Every structure is written in C-alpha cells, then in structure tokens.
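# Fold and geometry: a report
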Amino acid sequence: MPKVKTNRVKYPEGWELIEPTLRELQGKMREAENDPHDGKRKCETLWPIFKIAHQKSRYIFDLYHRRKEISKELFEFCLDQGYADRNLIAKWKKPGYERLCCLRCMQPRDHNFATTCVCRVPKQLREEKVIECVHCGCKGCASGD
C-alpha cells in the first residue's frame, strides 16, 4: 500500500519567534507584486520586490550569524522553505560582499564592458555622487561605503 503524503510541514523550535515578521514581509511582497506599475520604467517595477527579498534574507542572516538568536536547524529550515536566498547569504559571508544588495549586481555578464554594477563602486571613487542600480534600485552596496 502506498504512503499517504500530507502537506504538513513540521516547524522547528523557535519558529513562533520569527513567524510574525516573515508573514508581515510576505504581505508586503504580495502588495509589491500586485502594485500597479503605471508610469514606471520596466526595470523600476521589480525594485520593491528585490528590496523586500533582500530584507527577508538579511533578517534571517542577522538572526543567525550576528545575534545568534535562532538555531542552525531553524536557519536551514528557512533557507529550504524559500524564506531567504541561500546564494545571497553565502556571498554576505565573504569579505567584500557584506552589504551586497542582489546577486545580479556582481555578475559581469549582465553589465556593459563585463564589469560589476555601478552600485558596487565605493562612493569616493564615483564620478556621480547619486546613482541608482538599474537592476534593483540600490544606491550603493560597496563594502567600503
């Protein structure tokens, strides 16, 4: 006889502490996805979504690596369930990428002249002082800023 599969997910200990914040961020994400994009450039419509995804990942990263308030089991659960971006968090652990806004900003194939995004340039080396990343709307995520 085949096993009966259920959709029940067993939440690890400590989930009740972070659940309200994650639910709130999911609600904001839903609003950002359904928000009308009249009068915005094509790239600008995705900026709020990138920002909220960054917020969720940074929240979970800070709870585990900086404040040490959640367990490794809960951290892995959040990554497996898609509450945070595993690849972005892996980059944050490396020197020079502590403030990285999104993974697209460091991929040379997405930019002119096979370089990284303008938001990765430190503020003191920029010709223009006020810039916005085309991909995610970041105003500067270089580690030296």
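The protein chain appears in an unreviewed UniProt entry as G10 protein from Flemingia macrophylla. UniProt lists a comment for the protein chain under the heading Subcellular location (unreviewed entry), and it reads "Nucleus".

Secondary structure summary: the protein chain contains four helices and zero strands in total. Every one of the 145 residues in the protein chain was classed for burial, and the buried ones make up 35%. Pairs at least 24 apart in sequence give 49% of the contacts found in the protein chain among residues at least 6 apart. Put simply, the protein chain shows about 10,100 Å² of open surface, and 52% of that area lies on carbon and sulfur atoms. Here the protein chain holds 29 positive side-chain charges and 21 negative ones, and the gap between their average locations is 4 Å.

A few words now on unusual backbone geometry. One non-glycine residue, Lys68, lies in the positive phi region at around 55 degrees. Turning to its location among the elements, Lys68 is positioned in the loop between α2 (47–66) and α3 (72–80). With relative accessibility at 63%, the residue Lys68 sits in the exposed group.

With 20 residues, α2 should reach 28 Å at 1.5 Å per residue; the first-to-last C-alpha distance of 26 Å fits that figure. On the buried face of α2, the contacting elements are α1 (15–34), α3 and α4 (86–92). Directly after α2, the chain includes Lys68, whose backbone phi takes a positive value near 55 degrees.

Conventions and cut-offs
- Residues numbered from 1 in each chain as written.
- Predicted model: local features only at pLDDT ≥ 70, side-chain atom pairs only at ≥ 80, totals over all residues.
- Heavy atoms only, no water.
- UniProt positions renumbered as here; feature names shortened; annotations may be inferred.
- Helix = DSSP H or I, 4+ residues; strand = E, 2+ residues; numbered from the N terminus.
- Buried < 20%, exposed > 50% of the residue type's maximum accessible area, 1.4 Å probe, protein only.
- Contact = heavy atoms within 4.5 Å.
- Areas by Shrake-Rupley, 256 points an atom, 1.4 Å probe, with all protein chains shown as cover.
- Lys, Arg positive; Asp, Glu negative; His and termini not counted.
- Charge placed at Lys NZ, Arg CZ, Asp CG, Glu CD.
- Expected span 1.5 Å × (residues − 1).

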